[in-house]
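# Survey of secondary and tertiary structure
Residue-level listing of the chains:
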Amino acid sequence: MLENTCCFFGHRTINETEKLKWQLKEIIEKLIVEEYVDTFLLGSKSRFNSLCLELVTAIKQRYPLIKRVYVRAEFPVIDDDYKAYLLEIYEDTYYPERVFGAGKVAYVERNYEMIDRSRFCVVYYDECHAPTIRKSGTKIALDYAIKQGKCIIKLPVQ
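Residues numbered from 1 in each chain as written. Predicted model: local features only at pLDDT ≥ 70, side-chain atom pairs only at ≥ 80, totals over all residues. Heavy atoms only, no water.

It is worth spelling out the pattern of salt bridges at this point. In this structure the tally under the stated criterion is 17 salt bridges. For Lys67, the salt bridge is made with Asp38, and the minimal N-O distance between the two is 4.0 Å. Here the residue Lys67 occupies a position in strand E3 (residues 67-71), and Asp38 occupies one in the loop between helix H1 (18-35) and strand E2 (39-42), the gap between them amounting to 29 residues. Here Glu54 makes a salt bridge to Arg47, at a shortest N to O gap of 2.9 Å. A residue is classified by how much of its surface remains accessible, and Glu54, at 43% relative accessible area, is partly exposed. Ionic contacts of the salt-bridge type, sharing partners, join the residues Glu16, Glu18, Lys21, Arg47 and Glu54 into one network. (Salt bridge = Lys/Arg side-chain N within 4 Å of Asp/Glu carboxyl O. Helix = DSSP H or I, 4+ residues; strand = E, 2+ residues; numbered from the N terminus. Buried < 20%, exposed > 50% of the residue type's maximum accessible area, 1.4 Å probe, protein only.)

Before going further, it helps to examine the packing of helix H4 (residues 106-116) against helix H5 (residues 137-147). Contact geometry for H4 and H5: axes closest at 10 Å, N-to-C directions at 30°. Taken as axis vectors, H4 and H5 run roughly parallel relative to one another. For H4 against H5, the interelement crossing comes out right-handed. Within the contact between the two elements, H4 uses Val108, Asn111, Tyr112, Ile115 and Asp116 and H5 uses Ile140, Ala141, Tyr144 and Ala145. Of the residues contributing to the contact of H4 with H5, the split by class is seven nonpolar, one polar and one charged. (Axes fitted to C-alpha atoms, helices over the stretch in contact; angles between N-to-C directions. Parallel < 35°, antiparallel > 145°, perpendicular 65-115°, else oblique. Left-handed = near helix turned anticlockwise from the far one by under 90°. Contact = heavy atoms within 4.5 Å. Nonpolar A, V, L, I, M, F, W, Y, C, P; charged D, E, K, R; others polar.)

It is worth spelling out the pairing of strand E5 (residues 120-124) at this point. Here E5 lies mainly inside the structure; five of its five residues are buried. With five bridges connecting them, strand E1 (residues 5-10) and E5 associate as parallel partners. Residue pairing for E5: Phe8 is matched across the bridge by Val122. (Pairing = 2+ DSSP bridges.)

Contact pair H1 / helix H2 (residues 47-59): the axes reach a minimum separation of 10 Å and the direction vectors enclose 55°. Judged by the inter-axis angle, H1 sits oblique to H2. For H1 against H2, the interelement crossing comes out right-handed. In this structure, H1 contributes Leu20, Lys21, Leu24, Lys25, Ile28, Glu29 and Ile32 to the contact, and H2 contributes Phe48, Leu51, Cys52, Leu55, Val56 and Ile59. Tallied by class, residues from the contact of H1 with H2 come to 10 nonpolar, no polar and three charged.

In this section: the environment of Glu3. Inspection of the secondary structure assignment puts Glu3 in the segment before E1. Given the relative accessible area of 47%, Glu3 is considered partly exposed. Those residues in contact with Glu3, other than ones at most four positions away along the chain, are Arg119 and Phe120. For Glu3, the side chain forms a polar contact with the side chain of Arg119, separated by 3.3 Å. (Polar contact = N/O pair within 3.5 Å; in protein donor to acceptor, adjacent residues only side chain to side chain.)

Now for the nonpolar core. As a rule of thumb, nonpolar side chains are buried together in soluble globular proteins. By size, the foremost hydrophobic cluster in this structure holds 27 residues, and its most contacted members are Phe8, Leu24, Ile28, Phe40, Phe48 and Val122. Every element with two or more residues in this core is listed here: E1, H1, E2, H2 and E5. A total of seven residues in this core trace back to one element, the largest contributor, which is H2. Among the nonpolar cores identified, the runner-up in size contains 17 residues, and Cys7, Val71, Tyr94 and Ile115 belong to it. (Core = buried A, V, L, I, M, F, W, Y, C linked by side-chain atoms within 4.5 Å.)

Here it is as structure tokens:
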């Protein structure tokens, strides 16, 4: 999965502009066309994740073989109805073993999972908008991706 896979992670709230949407769309298409990425790992609980899902879904019209995979940080076991609902949006979903028992750091562990399974990481990290009271989950994931030597594409581009 690693070579042709990209994950997304970023702040819960973002400065959503037309420029950001255009840049993100260009990045996704370039990954598909030039780097042969066919699998996109997506999380939840942030506007950046939602925007990435929207754009990948729209781009899927032109590249129907790409896959959207929802990596859950909640609900280790899901019933058939919820799985069917998710599979209307995504091509697959799973709950990583490393998230079991993670408690408050479930989202950190989920992000590590996505990073470990990806060659590319598209990240929305804006230091000006990062939390100051606690360490940003996005910053933790970004530092981990850098340490793992991933190809990182950082937004917003100024």
